[in-house]
Amino acid sequence: DSGVTQTPKHLITATGQRVTLRCSPRSGDLSVYWYQQSLDQGLQFLIQYYNGEERAKGNILERFSAQQFPDLHSELNLSSLELGDSALYFCASSVAGTVRETQYFGPGTRLLVL
Amino acid sequence: AQKVTQAQTEISVVEKEDVTLDCVYETRDTTYYLFWYKQPPSGELVFLIRRNSFDEQNEISGRYSWNFQKSTSSFNFTITASQVVDSAVYFCALSEAPDNNAGNMLTFGGGTRLMVKP
């Protein structure tokens, strides 16, 4: 158990809908990352937050947004969902969000868009 | 942009065989960090090892060992006396700061699926 928690574990929804994925980092970690794992794209970085502020952005679609709250938990919002958004979404956390740190991953949220 | 290549998409071995998973990376940075993660069938990503670019000593942890060679930009992972429980997808990753950004991200290879048969 990495100490990173993600809810829900599974999510099934329809195209055009909006969903929110939630992540709680390890105790003491200030930085949160979101990654998407899909069959065609592999594991891809979406976005990083550090202590409530956006720190780095990857290939995140405009339909997707995220935030980190004062209690350090983070939410990833996916809207106008398409079939291709079906994937495993991981949250990871690290202490200070620097390149030298290990990122510890949560169990993931498996999203299926029908 | 940095790149990580795991040329072996799938490897099948019989229990007790040794197996090496290859990882080749590209980076312009002089200081960088490399990682290996394991993804068992249950789906979570489990951290295995972190290695920085200025420490080329090989590392051993039980049946696992890692060979880092800066000259060939490789960071290979060997499992000795493989077991069925080692069956998983293994990812090599490179830590980088995105261009013009103070943040941090992992660039992953495509993964190698290891199947260990009894």
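Residues numbered from 1 in each chain as written. Chains lettered and ligands numbered in written order. Predicted model: local features only at pLDDT ≥ 70, side-chain atom pairs only at ≥ 80, totals over all residues. Heavy atoms only, no water.

Caption draft 1: Quick look at the overall build of chain B. Along the backbone of chain B there are zero helices and twelve strands. Reading the secondary structure of chain B in the N-to-C direction produces β-β-β-β-β-β-β-β-β-β-β-β. Relative to the 2.2 N^0.38 estimate, which gives 13 Å for 118 residues, the radius of gyration of chain B is 14 Å and therefore close to what a compact globule would have. Along the longest, intermediate and shortest principal axes, the C-alpha atoms of chain B span 50 × 30 × 20 Å. Taken across its 118 residues, chain B has 47% of its residues classed as buried. Considering only residue pairs separated by 6 or more positions, chain B has 55% of its internal contacts joining residues 24 or more positions apart. For chain B, the computed accessible surface area is about 5800 Å², with 47% contributed by carbon and sulfur atoms. Charge-centre separation for chain B: the mean point of 10 positive side chains lies 2 Å from the mean point of 14 negative side chains. (Helix = DSSP H or I, 4+ residues; strand = E, 2+ residues; numbered from the N terminus. Rg over C-alpha atoms; globule rule 2.2 N^0.38 Å. Buried < 20%, exposed > 50% of the residue type's maximum accessible area, 1.4 Å probe, protein only. Contact = heavy atoms within 4.5 Å. Areas by Shrake-Rupley, 256 points an atom, 1.4 Å probe, with all protein chains shown as cover. Lys, Arg positive; Asp, Glu negative; His and termini not counted. Charge placed at Lys NZ, Arg CZ, Asp CG, Glu CD.)

Caption draft 2: How the structure looks around the nonpolar core. The biggest cluster of nonpolar side chains holds 23 residues, and the ones touching the most others in it are Trp36, Phe77, Tyr90 and Leu114 of chain B. Among the secondary structure elements, those contributing two or more residues to this core are strand E2 (10-14), strand E3 (19-21), strand E5 (33-39), strand E8 (64-69), strand E9 (74-79), strand E10 (88-96) and strand E12 (112-117) of chain B. A total of four residues in this core trace back to one element, the largest contributor, which is E10 of chain B. The next biggest cluster of nonpolar side chains, apart from the first, holds 21 residues, and it includes Leu11, Tyr49, Leu76 and Ala87 of chain A. (Core = buried A, V, L, I, M, F, W, Y, C linked by side-chain atoms within 4.5 Å.)

Caption draft 3: Geometry of the pattern of salt bridges. Applying the stated rule across the entire model yields five salt bridges over all chains. Its salt-bridge partner being Glu82 of chain A, residue Arg63 of chain A comes within 3.7 Å of it at the nearest N-O pair. You can see Arg63 of chain A sitting in the loop between strand E6 (53-57) and strand E7 (64-68) and its partner Glu82 of chain A sitting in the loop between strand E8 (74-78) and strand E9 (87-94), a full 19 residues away along the chain. Residues Glu59 of chain B and Arg51 of chain B are paired through a salt bridge, measuring 2.6 Å at the closest nitrogen-oxygen approach. With relative accessibility at 31%, the residue Glu59 of chain B sits in the partly exposed group. By sharing partners, the salt bridges in this structure join Arg63, Glu82 and Asp85 of chain A into a single network. (Salt bridge = Lys/Arg side-chain N within 4 Å of Asp/Glu carboxyl O.)

Caption draft 4: Representation of the layout of surface pockets within the structure. Roughly 610 Å³ of internal volume is contained in the largest pocket. Forming the boundary of the largest pocket are 26 residues, of which Gln37 and Leu39 of chain A together with Gln39, Val89 and Arg113 of chain B lie nearest the centre. Elements with a minimum of two residues in the lining of the largest pocket: strand E4 (31-38) and E9 of chain A together with E10 and E12 of chain B. Put simply, the parts of the chain that give the lining of the second largest pocket at least two residues each are strand E5 (42-50) of chain A together with strand E11 (105-108) of chain B. A total of four residues in the lining of the second largest pocket trace back to one element, the largest contributor, which is E11 of chain B. Looking at the lining of the second largest pocket residue by residue, the class counts come to seven nonpolar, five polar and three charged. (1 Å grid on protein atoms, 1.4 Å probe; cavity = no way out; pocket = protein on both sides within 12 Å on 5 of 7 lines; lining within 4 Å. Points joined across faces, edges and corners; volume = space filled by probe spheres on them. Nonpolar A, V, L, I, M, F, W, Y, C, P; charged D, E, K, R; others polar.)

Caption draft 5: The arrangement of the interface of chain A and chain B in detail. The interface is formed by 21 residues belonging to chain A together with 21 residues belonging to chain B. Ranking the residues of chain A by area buried against chain B places Leu43, Val99 and Phe105 of chain A at the top, with a combined share of 32%. The tally of links between chain A and chain B comes to zero salt bridges. Linking chain A with chain B are eight residue pairs in polar contact (both at pLDDT 80 or more). Elements that contribute at least two residues to the side of chain A that touches chain B include exactly E4, E5, E6, E9 and strand E10 (104-105) of chain A. (Buried area = accessible area lost by both parts, 1.4 Å probe. Polar contact = N/O pair within 3.5 Å; in protein donor to acceptor, adjacent residues only side chain to side chain.)

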